[in-house]
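This is what each chain is made of:
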Amino acid sequence: MDRHRHFLSIADWPTERLTEALDLAAALKADPGHLGRPLAGKTLAMVFAKSSTRTRVSFEVGAGQLGAQALFLSARDIQLGRGEPISDTARVLSRYVHGIMIRTFAQSDVEQLARYGSVPVINGLTDLLHPCQIMADVQTIQESFGRDLESVVVAWIGDGNNMANSWLNAAARLGFGLRLACPEGYDPEPALLAAARASTSVELFRDPAEAAEGARVVTTDVWASMGQEEEAAQRAVAFAGYHVDDALMSRAADDAIFLHCLPAHRGEEVAAEVIDGPASRVWDEAENRLHAQKAILAMLMGD
Ligand code: CP
Ligand code: NVA
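Residues numbered from 1 in each chain as written. Chains lettered and ligands numbered in written order. Predicted model: local features only at pLDDT ≥ 70, side-chain atom pairs only at ≥ 80, totals over all residues. Heavy atoms only, no water.

Focus on helix α4 (residues 107-116)
Counted only if it meets this: Here the term buried applies to any residue with accessible area under 20% of the maximum for its type, exposed to any over 50%, and partly exposed to those in between, with areas from a 1.4 Å probe on protein chains only. Numbering goes from the N terminus for both helices and strands, where a helix is a DSSP run of H or I of at least four residues and a strand is a run of E of at least two. Our arc is simply the arc of the directions from the helix axis toward the C-beta atoms. Here, residues are in contact when the closest pair of their heavy atoms is within 4.5 Å.
Turning to α4, its buried residues are Gln107, Val110, Glu111, Leu113 and Ala114. Burial along α4 is one-sided: seen end-on, the buried residues are contained in an arc of 155°. Where α4 is buried, its residues touch α3 (86-96), β3 (99-103) and β4 (121-123).

Okay, here's the thing in C-alpha coordinates:
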(Lines give C-alpha, C1' and ligand atoms only; values in the text may rest on other atoms or scores of the structure.)
(Ligands and ions follow the chains in the order given, each with its own letter.)
Protein backbone atom coordinates (compact mmCIF):
# COMPACT_ATOMS: atom_id res chain seq x y z
CA MET A 1 0.00 0.00 0.00
CA ASP A 2 1.29 3.47 -0.89
CA ARG A 3 0.58 5.30 2.35
CA HIS A 4 0.96 8.72 0.67
CA ARG A 5 -2.15 7.99 -1.42
CA HIS A 6 -4.21 7.92 1.79
CA PHE A 7 -4.40 9.96 4.98
CA LEU A 8 -4.58 7.28 7.65
CA SER A 9 -2.14 8.86 10.11
CA ILE A 10 -0.02 12.01 10.28
CA ALA A 11 2.95 9.67 10.71
CA ASP A 12 2.40 8.35 7.15
CA TRP A 13 3.18 11.68 5.53
CA PRO A 14 6.64 13.26 5.41
CA THR A 15 7.11 16.76 6.77
CA GLU A 16 7.10 18.38 3.30
CA ARG A 17 3.73 16.84 2.41
CA LEU A 18 2.20 17.94 5.72
CA THR A 19 3.59 21.45 5.21
CA GLU A 20 2.17 21.51 1.68
CA ALA A 21 -1.25 20.59 3.09
CA LEU A 22 -1.04 23.26 5.79
CA ASP A 23 0.01 25.94 3.29
CA LEU A 24 -2.81 24.90 0.96
CA ALA A 25 -5.28 25.00 3.86
CA ALA A 26 -4.23 28.58 4.63
CA ALA A 27 -4.55 29.55 0.96
CA LEU A 28 -8.01 27.97 0.77
CA LYS A 29 -9.07 29.86 3.89
CA ALA A 30 -7.89 33.16 2.39
CA ASP A 31 -9.61 32.34 -0.93
CA PRO A 32 -12.09 29.44 -0.87
CA GLY A 33 -12.05 29.35 -4.68
CA HIS A 34 -8.24 29.17 -4.80
CA LEU A 35 -8.19 25.77 -6.54
CA GLY A 36 -11.39 26.05 -8.54
CA ARG A 37 -13.22 22.72 -8.59
CA PRO A 38 -10.52 20.03 -8.73
CA LEU A 39 -12.98 17.33 -7.62
CA ALA A 40 -15.66 18.14 -10.22
CA GLY A 41 -17.70 15.07 -11.12
CA LYS A 42 -16.24 12.99 -8.28
CA THR A 43 -17.87 11.38 -5.26
CA LEU A 44 -16.64 11.05 -1.68
CA ALA A 45 -18.16 8.31 0.49
CA MET A 46 -18.29 9.18 4.20
CA VAL A 47 -18.69 6.14 6.45
CA PHE A 48 -19.58 6.89 10.07
CA ALA A 49 -19.67 4.24 12.80
CA LYS A 50 -19.65 6.99 15.46
CA SER A 51 -21.47 10.32 15.90
CA SER A 52 -20.16 13.53 14.38
CA THR A 53 -21.06 17.17 13.89
CA ARG A 54 -17.85 18.83 12.68
CA THR A 55 -16.32 15.99 10.68
CA ARG A 56 -19.52 15.19 8.85
CA VAL A 57 -20.45 18.76 8.00
CA SER A 58 -16.95 19.99 7.16
CA PHE A 59 -16.22 17.05 4.85
CA GLU A 60 -19.58 17.32 3.12
CA VAL A 61 -19.37 21.09 2.67
CA GLY A 62 -15.68 20.96 1.72
CA ALA A 63 -16.17 18.24 -0.87
CA GLY A 64 -19.05 20.25 -2.34
CA GLN A 65 -16.93 23.40 -2.56
CA LEU A 66 -14.30 21.44 -4.49
CA GLY A 67 -16.93 20.17 -6.92
CA ALA A 68 -17.53 16.68 -5.49
CA GLN A 69 -20.67 15.02 -4.23
CA ALA A 70 -20.44 13.59 -0.69
CA LEU A 71 -22.44 10.54 0.43
CA PHE A 72 -23.20 10.12 4.13
CA LEU A 73 -23.20 6.41 4.99
CA SER A 74 -24.07 5.45 8.54
CA ALA A 75 -22.27 2.19 9.31
CA ARG A 76 -25.48 1.05 11.01
CA ASP A 77 -27.44 1.40 7.79
CA ILE A 78 -25.04 -0.14 5.28
CA GLN A 79 -24.29 -3.89 5.24
CA LEU A 80 -21.01 -3.24 7.09
CA GLY A 81 -23.15 -2.90 10.22
CA ARG A 82 -24.60 -6.36 9.59
CA GLY A 83 -21.21 -7.99 9.28
CA GLU A 84 -20.23 -7.54 5.61
CA PRO A 85 -16.41 -7.61 5.72
CA ILE A 86 -14.58 -4.30 5.53
CA SER A 87 -12.46 -5.76 2.70
CA ASP A 88 -15.57 -6.43 0.57
CA THR A 89 -17.00 -3.02 1.45
CA ALA A 90 -13.70 -1.47 0.31
CA ARG A 91 -13.75 -3.25 -3.04
CA VAL A 92 -17.39 -2.39 -3.72
CA LEU A 93 -17.23 1.27 -2.69
CA SER A 94 -14.11 1.68 -4.84
CA ARG A 95 -16.20 0.79 -7.92
CA TYR A 96 -18.57 3.70 -7.23
CA VAL A 97 -16.64 6.51 -5.56
CA HIS A 98 -13.31 8.33 -5.87
CA GLY A 99 -12.45 8.54 -2.17
CA ILE A 100 -13.62 7.29 1.22
CA MET A 101 -13.59 9.09 4.55
CA ILE A 102 -14.23 6.80 7.50
CA ARG A 103 -14.85 7.35 11.23
CA THR A 104 -14.82 4.12 13.19
CA PHE A 105 -13.43 2.28 16.22
CA ALA A 106 -10.46 0.17 15.14
CA GLN A 107 -7.54 1.72 13.26
CA SER A 108 -7.11 -1.71 11.64
CA ASP A 109 -10.48 -1.26 9.89
CA VAL A 110 -9.26 1.96 8.30
CA GLU A 111 -6.04 0.22 7.26
CA GLN A 112 -8.02 -2.64 5.70
CA LEU A 113 -10.25 -0.25 3.83
CA ALA A 114 -7.14 1.30 2.28
CA ARG A 115 -5.52 -2.07 1.62
CA TYR A 116 -8.48 -3.68 -0.15
CA GLY A 117 -9.94 -0.61 -1.83
CA SER A 118 -8.45 1.17 -4.82
CA VAL A 119 -9.31 4.78 -3.90
CA PRO A 120 -7.80 7.16 -1.31
CA VAL A 121 -8.97 6.63 2.28
CA ILE A 122 -9.05 9.40 4.88
CA ASN A 123 -9.16 8.70 8.63
CA GLY A 124 -11.96 10.78 10.15
CA LEU A 125 -11.18 9.44 13.68
CA THR A 126 -10.50 6.06 15.20
CA ASP A 127 -9.94 5.01 18.80
CA LEU A 128 -6.22 5.43 18.07
CA LEU A 129 -5.94 8.61 15.97
CA HIS A 130 -7.68 11.81 14.82
CA PRO A 131 -5.30 13.16 12.16
CA CYS A 132 -7.65 15.59 10.36
CA GLN A 133 -8.37 17.36 13.64
CA ILE A 134 -4.69 17.86 14.37
CA MET A 135 -4.11 19.36 10.92
CA ALA A 136 -6.82 21.93 11.70
CA ASP A 137 -5.29 22.49 15.14
CA VAL A 138 -1.84 23.10 13.66
CA GLN A 139 -3.37 25.53 11.16
CA THR A 140 -4.94 27.37 14.11
CA ILE A 141 -1.59 27.51 15.92
CA GLN A 142 0.08 28.91 12.80
CA GLU A 143 -2.56 31.64 12.64
CA SER A 144 -1.50 32.79 16.11
CA PHE A 145 2.23 32.16 16.06
CA GLY A 146 3.29 31.98 12.42
CA ARG A 147 4.24 29.21 10.05
CA ASP A 148 7.44 28.26 11.86
CA LEU A 149 6.46 25.99 14.75
CA GLU A 150 9.85 25.53 16.33
CA SER A 151 9.23 28.06 19.11
CA VAL A 152 5.88 26.48 19.95
CA VAL A 153 5.31 24.19 22.92
CA VAL A 154 1.92 22.48 23.15
CA ALA A 155 0.63 21.29 26.54
CA TRP A 156 -1.81 18.40 26.37
CA ILE A 157 -3.87 17.99 29.55
CA GLY A 158 -5.87 14.81 30.11
CA ASP A 159 -6.42 11.49 28.39
CA GLY A 160 -3.71 9.85 26.30
CA ASN A 161 -6.36 9.26 23.65
CA ASN A 162 -6.70 9.52 19.86
CA MET A 163 -6.04 13.26 20.01
CA ALA A 164 -2.95 12.89 22.22
CA ASN A 165 -1.59 10.18 19.91
CA SER A 166 -2.04 12.38 16.85
CA TRP A 167 -0.39 15.30 18.66
CA LEU A 168 2.62 13.02 19.16
CA ASN A 169 2.70 12.20 15.44
CA ALA A 170 2.43 15.87 14.50
CA ALA A 171 5.13 16.96 16.95
CA ALA A 172 7.48 14.34 15.49
CA ARG A 173 6.94 15.55 11.92
CA LEU A 174 6.58 19.31 12.45
CA GLY A 175 9.13 19.82 15.21
CA PHE A 176 7.16 21.63 17.91
CA GLY A 177 7.55 20.65 21.57
CA LEU A 178 4.90 18.63 23.38
CA ARG A 179 4.30 18.37 27.11
CA LEU A 180 1.62 15.92 28.15
CA ALA A 181 -0.02 15.61 31.57
CA CYS A 182 -1.96 12.35 31.82
CA PRO A 183 -3.10 10.45 34.91
CA GLU A 184 -1.36 7.14 35.54
CA GLY A 185 -2.97 4.42 33.45
CA TYR A 186 -4.08 6.89 30.75
CA ASP A 187 -0.80 7.51 28.94
CA PRO A 188 -0.69 7.76 25.14
CA GLU A 189 0.31 4.85 22.92
CA PRO A 190 3.87 3.87 23.99
CA ALA A 191 5.14 3.28 20.42
CA LEU A 192 3.96 6.70 19.27
CA LEU A 193 5.44 8.33 22.37
CA ALA A 194 8.80 6.67 21.71
CA ALA A 195 8.74 7.65 18.03
CA ALA A 196 7.95 11.27 18.83
CA ARG A 197 10.67 11.39 21.51
CA ALA A 198 13.20 10.33 18.88
CA SER A 199 12.37 13.43 16.77
CA THR A 200 11.44 16.28 19.08
CA SER A 201 11.11 17.36 22.71
CA VAL A 202 8.30 15.37 24.34
CA GLU A 203 7.80 15.29 28.11
CA LEU A 204 5.26 13.31 30.07
CA PHE A 205 4.05 14.63 33.44
CA ARG A 206 1.44 13.66 36.01
CA ASP A 207 0.93 17.26 37.18
CA PRO A 208 -1.00 19.47 34.70
CA ALA A 209 0.63 22.64 36.10
CA GLU A 210 4.09 21.32 35.21
CA ALA A 211 2.99 20.50 31.67
CA ALA A 212 1.37 23.91 31.18
CA GLU A 213 4.40 25.86 32.44
CA GLY A 214 5.38 28.33 29.71
CA ALA A 215 3.39 26.54 26.98
CA ARG A 216 2.00 28.63 24.10
CA VAL A 217 -0.85 26.22 23.43
CA VAL A 218 -2.92 24.49 26.10
CA THR A 219 -5.29 21.84 24.85
CA THR A 220 -7.48 19.09 26.22
CA ASP A 221 -10.32 16.76 25.31
CA VAL A 222 -13.18 14.90 26.94
CA TRP A 223 -12.38 12.43 29.72
CA ALA A 224 -14.45 9.66 28.10
CA SER A 225 -14.24 9.34 24.34
CA MET A 226 -16.84 7.81 22.07
CA GLY A 227 -17.11 4.14 22.91
CA GLN A 228 -15.97 4.69 26.52
CA GLU A 229 -19.30 5.88 27.89
CA GLU A 230 -19.45 3.02 30.41
CA GLU A 231 -16.12 4.08 31.90
CA ALA A 232 -17.30 7.67 32.45
CA ALA A 233 -17.74 7.45 36.25
CA GLN A 234 -14.37 5.78 36.81
CA ARG A 235 -12.69 8.25 34.45
CA ALA A 236 -14.26 11.23 36.25
CA VAL A 237 -12.37 10.11 39.38
CA ALA A 238 -9.07 9.50 37.53
CA PHE A 239 -9.21 12.89 35.74
CA ALA A 240 -10.43 14.99 38.68
CA GLY A 241 -7.29 17.15 38.78
CA TYR A 242 -7.02 17.47 34.99
CA HIS A 243 -9.18 20.51 34.52
CA VAL A 244 -8.15 23.48 32.38
CA ASP A 245 -9.20 26.61 34.25
CA ASP A 246 -7.84 30.15 34.50
CA ALA A 247 -5.39 29.08 37.22
CA LEU A 248 -3.86 26.49 34.90
CA MET A 249 -3.84 28.91 31.95
CA SER A 250 -1.95 31.42 34.12
CA ARG A 251 0.97 28.93 34.22
CA ALA A 252 1.20 29.05 30.42
CA ALA A 253 2.90 31.78 28.34
CA ASP A 254 1.29 35.24 28.40
CA ASP A 255 0.17 34.85 24.77
CA ALA A 256 -0.99 31.24 25.19
CA ILE A 257 -4.05 30.05 23.32
CA PHE A 258 -6.53 27.33 24.28
CA LEU A 259 -7.67 24.64 21.84
CA HIS A 260 -10.26 21.86 22.16
CA CYS A 261 -11.39 19.60 19.31
CA LEU A 262 -14.99 19.73 20.61
CA PRO A 263 -17.49 18.60 21.72
CA ALA A 264 -16.51 19.98 25.16
CA HIS A 265 -17.89 19.42 28.64
CA ARG A 266 -17.74 22.71 30.50
CA GLY A 267 -17.04 22.10 34.19
CA GLU A 268 -15.25 18.83 33.47
CA GLU A 269 -12.10 18.95 31.33
CA VAL A 270 -12.40 22.71 30.75
CA ALA A 271 -13.89 25.64 32.67
CA ALA A 272 -16.33 27.91 30.87
CA GLU A 273 -14.03 30.85 31.75
CA VAL A 274 -11.35 29.31 29.51
CA ILE A 275 -13.27 27.89 26.55
CA ASP A 276 -15.45 31.02 26.38
CA GLY A 277 -12.60 33.35 27.37
CA PRO A 278 -10.08 35.49 25.46
CA ALA A 279 -7.42 32.79 24.97
CA SER A 280 -9.84 30.38 23.36
CA ARG A 281 -9.47 29.73 19.62
CA VAL A 282 -11.91 26.80 19.49
CA TRP A 283 -14.27 28.30 16.90
CA ASP A 284 -11.41 29.09 14.51
CA GLU A 285 -10.16 25.57 15.18
CA ALA A 286 -13.54 24.09 14.26
CA GLU A 287 -13.69 26.25 11.12
CA ASN A 288 -10.22 25.13 10.12
CA ARG A 289 -11.45 21.54 9.83
CA LEU A 290 -13.09 22.72 6.61
CA HIS A 291 -9.95 24.30 5.14
CA ALA A 292 -7.49 21.62 6.27
CA GLN A 293 -9.67 18.82 4.93
CA LYS A 294 -10.25 20.60 1.62
CA ALA A 295 -6.48 20.68 1.25
CA ILE A 296 -6.25 16.95 1.99
CA LEU A 297 -9.14 16.14 -0.37
CA ALA A 298 -7.56 18.18 -3.16
CA MET A 299 -4.16 16.54 -2.67
CA LEU A 300 -5.59 13.01 -2.63
CA MET A 301 -8.52 13.20 -5.01
CA GLY A 302 -7.87 16.27 -7.17
CA ASP A 303 -7.06 16.15 -10.86
N1 CP B 1 -13.87 17.36 16.65
C2 CP B 1 -14.64 16.48 15.97
O3 CP B 1 -14.16 15.56 15.29
O4 CP B 1 -15.97 16.72 16.08
P5 CP B 1 -17.15 15.77 15.61
O6 CP B 1 -17.13 14.56 16.51
O7 CP B 1 -18.39 16.60 15.79
O8 CP B 1 -16.93 15.38 14.18
N1 NVA C 1 -11.46 11.87 21.85
C2 NVA C 1 -12.77 12.21 21.36
C3 NVA C 1 -12.67 13.14 20.21
C4 NVA C 1 -13.99 13.56 19.62
C5 NVA C 1 -13.85 14.44 18.41
C6 NVA C 1 -13.50 10.93 20.96
O7 NVA C 1 -12.87 10.05 20.37
O8 NVA C 1 -14.68 10.81 21.25
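Following the structure, the description resumes.
Considering the layout of surface pockets
Note the cut-off: Computed over the protein atoms alone on a 1 Å grid, cavities are sets of points where a 1.4 Å probe fits but cannot get out and pockets are open sets with protein on both sides within 12 Å along at least five of seven lines; a residue lines them when it has an atom within 4 Å of a point. Grid points are joined across faces, edges and corners, and a volume is the space filled by probe spheres set on the points. Classification convention: Asp, Glu, Lys, Arg as charged; Ala, Val, Leu, Ile, Met, Phe, Trp, Tyr, Cys, Pro as nonpolar; all other residues, Gly among them, as polar.
Put simply, the largest pocket is a space of about 570 Å³. Lining the largest pocket are 36 residues, with Asn162, Asp221, Val222, Ser225 and Met226 positioned closest to its centre. Looking at the lining of the largest pocket, the elements with two or more residues in it are α2 (54-65) and α6 (162-174). Looking at which element gives the most residues to the lining of the largest pocket, the answer is α6, with 3 residues. Its residues assigned to classes, the lining of the largest pocket comprises 11 nonpolar, 15 polar and 10 charged. Taken as a whole, the second largest pocket spans an internal volume of roughly 160 Å³.

Concerning the pattern of salt bridges
Pairing between side chains becomes possible if they bear opposite charge and their charged atoms approach one another. Put simply, the test is: One side-chain nitrogen of Lys or Arg within 4 Å of one carboxyl oxygen of Asp or Glu is enough to make a salt bridge.
Inspection of the entire model under this criterion finds 14 salt bridges. The salt bridge partner of lysine 29 is glutamate 143, with a shortest N-O separation of 2.8 Å. Of this pair, lysine 29 sits in helix α1 (residues 15-30) while glutamate 143 sits in helix α5 (residues 131-145); the two residues are 114 residues apart in sequence, bridging distant segments of the chain. Relative accessible area serves as the criterion here: at 24%, lysine 29 is assigned to the partly exposed category. The class for glutamate 143 is partly exposed, based on a relative accessible area of 41%. Two residues, glutamate 203 and arginine 179, come together in a salt bridge whose shortest N-O distance is 3.3 Å.

Comments concerning unusual backbone geometry
In most cases, non-glycine residues show a negative phi, while peptide bonds are predominantly trans. With an omega dihedral of 5°, the bond running from leucine 262 to proline 263 counts as a cis peptide bond. Even without being a glycine, leucine 125 presents a positive backbone phi close to 120°. Mapping leucine 262 onto the fold places it in the loop between β9 (257-260) and α11 (272-275).

A word on the packing of α3 against α4
How two helices pack is summed up by the angle between their axes together with the distance between the axes. In plain terms, the rule: Angles run from 0 to 180 degrees between N-to-C directions of axes, and those axes are lines fitted to C-alpha atoms, restricted for helices to the stretch in contact. Roughly parallel here means an angle under 35 degrees, roughly antiparallel means over 145, roughly perpendicular means 65 to 115, and every remaining angle is called oblique. Left-handed describes a crossing in which the near helix is turned anticlockwise from the far one by less than a right angle; the clockwise case is right-handed.
Close contact between α3 and α4 brings their axes to 8 Å; oriented N to C, the two are set at 45°. By the criterion of interaxial angle, the relationship of α3 to α4 is oblique. Of the two possible hands of crossing, α3 and α4 adopt the one that is right-handed. Contact residues: α3 offers Ile86, Ser87, Ala90 and Arg91, while α4 offers Asp109, Gln112, Leu113 and Tyr116. Among the residues forming the contact of α3 with α4, the class breakdown is 4 nonpolar, 2 polar and 2 charged.

Observations concerning the side chain of asparagine 161
Counting through the fold element by element, asparagine 161 comes out in the loop between β5 (153-157) and α6. Given a relative accessible area of 6%, asparagine 161 falls into the buried group. The residues contacting asparagine 161, other than those within four sequence positions of it, are Leu128, Trp156, Asp221, Val222 and Ser225.

Considering the site of ligand 1
For clarity, the cut-off: One heavy atom within 4 Å of a molecule or strand is enough for the residue carrying it to be called near that molecule or strand. Within 3.5 Å is the distance limit for a polar contact, defined as a pair of N or O atoms, with the added protein rule that one can donate a hydrogen and the other accept it, and that residues adjacent in sequence qualify only through two side-chain atoms. In this description, accessible areas are obtained by the Shrake-Rupley approach with a 1.4 Å probe, and a residue is regarded as covered only by the protein chains that are shown. More than half of a molecule's atoms within 2 Å of the grid points is what it takes for that molecule to sit in a cavity or pocket.
The environment of ligand 1 is formed by Ser52, Thr53, Arg54, Thr55, Arg103, His130, Gln133, Cys261, Leu262 and Arg289. In this structure, histidine 130 approaches ligand 1 through a side-chain N or O atom, which is 2.9 Å from an oxygen atom. Within the backbone of leucine 262, one N or O atom sits 2.9 Å away from a nitrogen atom of ligand 1. In isolation ligand 1 exposes 260 Å². Once the protein is present, 95% of that is buried. A molecule is said to occupy a pocket when more than half its atoms come within 2 Å of that pocket's grid points, and by this definition ligand 1 occupies the largest pocket.

Description of the sheet that holds β4
To keep it simple, the criterion reads: For two strands to count as paired, DSSP must find a minimum of two bridges between them.
Spatially, 4 strands are ordered β2-β1-β3-β4 in an open sheet, and the strand pairing comes out parallel. Each end of this open sheet is capped by a strand with a single partner; those strands are β2 (69-74) and β4. In this sheet, neighbouring strand axes are inclined to one another by 20° on average, regardless of whether the strands run parallel or antiparallel. In terms of strand pairing, strand β1 (residues 43-48) meets β3 through 5 bridges, oriented parallel. From the neighbouring strand, leucine 44 faces β3, where its bridge partner is glycine 99. Against the sheet, α4 touches β3 and β4, its axis set at about 165° to β4.

Considering the site of ligand 2
Close to ligand 2 lie Leu125, His130, Asn161, Asn162, Asp221, Ser225, Met226, Cys261 and Leu262, which account for all nearby residues. Asparagine 161 places a side-chain nitrogen or oxygen 3.4 Å from a nitrogen atom of ligand 2. Between ligand 2 and serine 225, the relevant distance is 2.7 Å, taken from a nitrogen atom to a side-chain nitrogen or oxygen of the residue. Within the complex, 95% of the 270 Å² of free accessible area of ligand 2 lies under protein. A majority-of-atoms criterion places ligand 2 in the largest pocket. Its residues assigned to classes, the shell around ligand 2 comprises 4 nonpolar, 4 polar and 1 charged.

The analysis is restricted to geometry; functional conclusions fall outside its scope.
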